[in-house]
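So the chains spell out like this:
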Amino acid sequence: MSNSELLTVEPLDLQFPFELRKQISCSLYLTNKTDNHVAFKVKTTNPKKYCVRPNTGVVLPRSTCEVLVTMQAQKEAPSDMQCKDKFLLQGVTASPGITAKDVTPEMFSKEAGYLVEETKLRVTYVAPPQPPSPVHEGSEEGSSPRASVSDNGQTSEFSRFSADKVEPQENTSEARALITKLTEEKQSAIQLNNKLQRELDQLRRDGKKSQSGIPLMYVLLVGLIGLILGYIMKST
């Protein structure tokens, strides 16, 4: 805060949270400590880098005016994060009823005999604010969520969340029972298949025996026919 007679300026150190490729603003507050109108003008050593709104104006008696200083987006950061830019605030007593449109550069000319009050301001780069780190619930090892009960006796959202977590265990038990049942059915199917295979082999063996008996019967039948024919021929 300045110790000027006309305007109290706050802050005297313009702090900009520096970030690349981003416009950054800082507010400047001018307080008129007198019963007169005070005209002001803001100058800077680097006008292309900063935008001041308003850069000229009038502060009414016993009142405060806000001036917004905006630093244009920067493509590169200074190596030492130090800024050499400066601002100069000029104030002069004005006539009653004056408005911002009536303020002219000649009003701040010392050569013209005006009593101009000046306040120098510095520019400082500060680190941008860091976002708050997220807090993970239940981060302590071995801790388990406990169901809380509200005033009306109903469980809270946290207890319902815990119940949802138990549900997959029930599903796992059902899955295990289903797997066991399918395994038993598979074993039964394998045993039935083996039984059918044995019966099929037995039928094949019986078929071979029946096929081997057909030639023997044929031989016997041929022999019997031969005997009958021989007997008939002898009789004749």
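Here the structure is shown first, and the text comes after it.
Residues numbered from 1 in each chain as written. Predicted model: local features only at pLDDT ≥ 70, side-chain atom pairs only at ≥ 80, totals over all residues. Heavy atoms only, no water.

## A closer look at the sheet that holds strand β6 (residues 56–59)
Okay, so step 1: With mixed pairing, the five strands of this open sheet are ordered in space as β2-β9-β8-β4-β6. At either end of the open sheet lies a strand with only one pairing partner, and these are β2 (13–17) and β6. Pairwise comparison of adjacent strand axes, ignoring direction, gives a mean angle of 25° for this sheet.
Okay, so step 2: Direction of pairing for strand β4 (residues 37–44) relative to β6: antiparallel, over a ladder of four bridges. Bridge assignment links Val38 to a residue of β6, and that residue is Val59. (Pairing = 2+ DSSP bridges. Helix = DSSP H or I, 4+ residues; strand = E, 2+ residues; numbered from the N terminus. Axes fitted to C-alpha atoms, helices over the stretch in contact; angles between N-to-C directions.)

## Section: the side chain of Gln90
Okay, so step 1: Locating Gln90 in the fold gives a position in strand β8 (residues 86–94).
Okay, so step 2: Of note is the side chain of Gln90, whose polar atom sits 3.0 Å from the side chain of Glu118.
Okay, so step 3: Look past the residues within four positions of Gln90 in its chain and what remains in contact with it is Ala39, Phe40, Lys41, Lys43, Phe108, Val116, Glu117 and Glu118. (Polar contact = N/O pair within 3.5 Å; in protein donor to acceptor, adjacent residues only side chain to side chain. Contact = heavy atoms within 4.5 Å.)

## Some points on the sheet that holds strand β5 (residues 50–53)
Okay, so step 1: One open sheet accounts for four strands, arranged β1-β3-β7-β5; its pairing is antiparallel. Whereas interior strands pair on both sides, the edge strands pair on one side only; in this sheet they are β1 (7–10) and β5. Adjacent strand axes in the sheet meet at a mean angle of 20°, parallel and antiparallel pairs treated alike.
Okay, so step 2: Two elements, β1 and strand β3 (residues 24–32), share four bridges in a ladder whose sense is antiparallel. Among the inter-strand pairings, Val9 is bridged to a residue of β3, identified as Leu30.

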